[in-house]
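Architecture at a glance
Here is how the chains run, residue by residue.
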Amino acid sequence: MSNRGNKPLKVALLGCGVVGGEVVRLLHEQAEDLTARIGAPLELAGIAVRRPGRNRGELPVPDSIFTTDPLALVKRDDVDIVVEVVGGIEPARTWLTEALRSGKSVVTANKALLAEDGATLHDAAAESGADLYYEAAVAGAIPLLRPLRESLHGDTITRVTGIVNGTTNYILSKMCATGAGFSEALDEATALGYAEADPTADVEGFDAAAKAAILASLAFHTRVTGADVYREGITEVTAADVASAAAMGCVVKLLCIADRTENGVAVRVHPAMIPSTHPLASVGDAFNAVFVEAEAAGQLMFYGRGAGGAPTASAVLGDIVAVARNRIAGVSARSESSYADLRIQPMGEIVTRYHISLDVADKAGVLAAVAGVFARHGVSISTVKQSGRGNDAVLVVVTHTATDAALAATVAELRGMDMVREVASVMRVES
Ligand code: HSE
């Protein structure tokens, strides 16, 4: 296992939490193999942390390697590769922009930054010709961005549908399997360490929306930001929705869906009912999976662990090896291709099917009046199911495809009707 005489490549690690610690361990444990695979040894130049004295378990590095000055570490002339596993917009953007502008290779897992202001990083990388790799930013261990960025670059991707948030997939899988409500399933996810103390980013869909923006940008050669992604979380999903889905042969999943249509690109994150026979329906627990459809390749499925120290570190290490090889070869890869610059479609234009549950008065003419509202907005009803509840009834309406704008207008009118006590839930149905 020789390094063919190349001098060591110096790695600056920004952040040493769950993922960073695993990166350090893997760099140490696999040093010989990595040297052979790259053609030069990797050497940790420094690890920037906020609290150097914090207990990080047994890490195979001397205490002197830790610094509290990430920018100084990034600016060091001997550093070749900057690895960022801190997250957040600032100061990460400042560190990474500085690294890229000075020609250092960057490996980052920072989905929030890439989704909010990926342009700044991509532009800095393009100007200096530096590498910017971010496989760990979406779906943890799953090799997904490289296939989108390289393997499928000769094809036209038409749709990406994914389960890209493990916390919400765990919660929804529990709700579907046990009939539990959202709060009960969230409590269980928290107790098992799948949900963070503040689960907002996961359960409200912000985490998935950032990942959706990154996936759509790569898939459609168009810059899509987090703000371009329509987002709904899972906090309003009820046990009744899950039961109603089951009665239709469906399960409820938090999906990210990125479509290329003749009118542009549409990217959204929301809970949806999908048939139990859909490949994503069987993705349970905290696993992630992404289903890609391309004109020539057809359907492709990527599945694996989307979070956790070791799985995410695997993706980071893969990127480190790639950028290290590029440095030795004196080349770099394009971090994005946004030439297509497709129009971002507003949610109102999206066409899908809907499941609407209404609490209504149970008396003559109600069904006709409700059906009339759907008809007035051009929303065609596929099925209606009514169950009595004393003087009231629950009406479950499933529509044929309609635009989101037409459905929203329908729901707004239903909400204003005296005979409709409540629009209990509205959920999209994807096939
Ligand atoms: N919190 C994320 C999830 C993992 O639950 O999938 C990191 O992106």
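Since we're looking at a predicted model, the values are computed, not measured.

1. Considerations on the nonpolar core
Formed by 78 residues in total, the largest nonpolar core has its most connected members in V82, L144, I157, I171 and L215. In this structure, this core is formed jointly by two domains, domain 1 (9-140 + 309-329) and domain 2 (145-304), each of which donates at least three residues. Among all residues touching I157, those that are not within four sequence positions of it are L148, L152, A219, F220, R260, V292, E293 and A294. If you look at the next biggest cluster of nonpolar residues, it comprises 36 residues, including L13, L26, I47 and V61.

2. Quick notes on the packing of helix α5 (residues 111-128) against helix α10 (residues 206-220)
α10 packs onto α5 with a crossing angle of 55 degrees between their chain directions and a minimal axis gap of 8 Å. Here α5 lies oblique to α10, going by the angle between them. For the pair α5 and α10, the sense of crossing is left-handed. Contacts between α5 and α10 involve K111, L114 and A115 from the first element and D207, A210, K211, A213 and I214 from the second. Looking at the contact of α5 with α10 residue by residue, the classes come out as five nonpolar, no polar and three charged.

3. Some words on the environment of A180
Considering the arrangement of structural elements, one finds A180 in the loop between α7 (166-178) and α8 (182-191). Accessibility expressed as a relative area gives 7% for A180, which makes it buried. C-alpha separation for the pair A180 and N165, spaced 15 residues apart in sequence, amounts to 19 Å.

4. A few points about the sheet that holds strand β1 (residues 9-14)
As a general point, the strands of a sheet are linked pairwise by backbone hydrogen bonds and lie either parallel or antiparallel. Judged by pairing direction, the sheet is parallel, and its six strands sit side by side in the order β3-β2-β1-β4-β5-β6 without closing on themselves. One side of each edge strand has no neighbouring strand; the edge strands of this open sheet are β3 (66-67) and β6 (132-133). Pairing of strand β2 (residues 42-48) with β3, which is carried by two bridges, proceeds in the parallel orientation. Pairing of A48 across the sheet is with T67, part of β3. Against the sheet, helix α4 (residues 92-101) engages β1, β4 (81-84), β5 (105-108) and β6, with an angle of about 165 degrees to β4.

5. Notes on the layout of surface pockets
If you add up the space inside the second largest pocket, you get close to 410 Å³. Taken together, 21 residues line the second largest pocket, and the ones lying closest to its centre are E232, S425, V426, M427 and R428. Contributions of two or more residues to the lining of the second largest pocket are made by α14 (404-415) and β17 (420-429). Looking at which element gives the most residues to the lining of the second largest pocket, the answer is α14, with six residues. Looking at side-chain class alone, the lining of the second largest pocket contains 11 nonpolar, three polar and seven charged residues. Residue-level mapping places the lining of the second largest pocket at the junction of two domains, with at least three residues from each of domain 2 (145-304) and domain 3 (347-429).

6. Observations regarding empty space enclosed by the protein
Applying the stated rule across the entire model yields one cavity of 30 Å³ or more. The space that makes up the largest cavity amounts to roughly 50 Å³. Per-element tally for the lining of the largest cavity: the top contributor is helix α6 (residues 145-151), with three residues. Partitioning the lining of the largest cavity into residue classes produces four nonpolar, no polar and four charged.

7. A look at the state of the cysteines
Counted by the stated rule, this structure contains zero disulfides. Cysteine C176 remains unbridged, with the sulfur of C250 as its closest cysteine sulfur at 10 Å. When its relative accessible area of 9% is taken as the criterion, C250 is described as buried.

8. Some thoughts on the site of the ligand
Taken together, K111, N165, G166, T167, D202, D207, K211 and A307 are the residues near the ligand. Taking T167, its side chain carries an N or O atom lying 2.6 Å from an oxygen atom of the ligand. The contact in question runs from an oxygen atom of the ligand to an N or O atom on the side chain of K211, over 2.7 Å. With the chains in place, 82% of the 260 Å² that the ligand exposes on its own is no longer accessible. Among the elements of the structure, α7 and α10 are those that each provide at least two residues to the shell around the ligand.

9. Description of the domain arrangement of the chain
We note that the domain assignment places domain 1 (9-140 + 309-329), domain 2 (145-304) and domain 3 (347-429) within the chain. Centre-to-centre separation of domain 2 and domain 3, based on C-alpha positions: 25 Å. Taken together, the 15 residues of domain 2 in the interface contact 12 residues of domain 3. Carbon and sulfur atoms supply 65% of the area buried between domain 2 and domain 3, which totals about 1,100 Å² over both sides.

Calculation rules
- Along every chain, residues carry numbers that run from 1 in the direction the sequence is written.
- With the structure being a predicted model, the display of local features is reserved for residues of pLDDT at least 70 and the display and counting of side-chain atom pairs for 80 or more, all residues being used for whole-chain, interface and lining totals.
- Only hydrogens and water are set aside when side-chain values are computed; all heavy atoms of the structure are taken into account.
- As used in this record, nonpolar core signifies buried Ala, Val, Leu, Ile, Met, Phe, Trp, Tyr and Cys residues forming a set joined through side-chain atoms within 4.5 Å.
- Exposure categories follow from relative accessible area, calculated using a 1.4 Å probe and restricted to protein chains: below 20% of the type maximum is buried, above 50% is exposed, and the middle band is partly exposed.
- Those domain boundaries reflect an automatic or database domain assignment.
- It only takes one pair of heavy atoms within 4.5 Å for two residues to be counted as in contact.
- For helices, the fitted line uses only the C-alpha atoms of the stretch in contact; every axis is such a line through C-alpha atoms, and the angle between N-to-C directions lies from 0 to 180 degrees.
- Think of it this way: any DSSP run of H or I at least four residues long counts as a helix, any run of E at least two long counts as a strand, and we number them from the N terminus.
- Throughout this description, any angle smaller than 35 degrees is read as roughly parallel, any larger than 145 degrees as roughly antiparallel, any in the 65 to 115 degree range as roughly perpendicular, and the remainder as oblique.
- A clockwise turn of the near helix away from the far one marks a right-handed crossing, whereas an anticlockwise turn of less than a right angle marks a left-handed crossing.
- Gly is placed with the polar residues, together with every amino acid not listed as nonpolar (Ala, Val, Leu, Ile, Met, Phe, Trp, Tyr, Cys and Pro) or charged (Asp, Glu, Lys and Arg).
- Paired strands are those between which DSSP finds at least two bridges.
- Only protein atoms enter the 1 Å grid used here, on which a cavity is any set of points holding a 1.4 Å probe that cannot leave and a pocket is any open set flanked by protein within 12 Å on both sides along at least five of seven lines; residues with an atom within 4 Å of a point are listed as lining.
- Grid points are joined across faces, edges and corners, and a volume is the space filled by probe spheres set on the points.
- Only a pair of cysteine sulfur atoms within 2.5 Å qualifies as a disulfide here.
- We define proximity as follows: a residue is near a molecule or strand when any one of its heavy atoms falls within 4 Å of that partner.
- Polar contact criterion, stated in full: a pair of N or O atoms within 3.5 Å, where within protein one must be able to donate a hydrogen and the other to accept it, and residues adjacent in sequence count only if both atoms are side-chain atoms.
- Here the open area of atoms and residues is found with the Shrake-Rupley method and a 1.4 Å probe, where only the protein chains shown may cover a residue.
- Reported buried area values correspond to the accessible surface (1.4 Å probe) lost by two parts on association, with both partners' losses combined.

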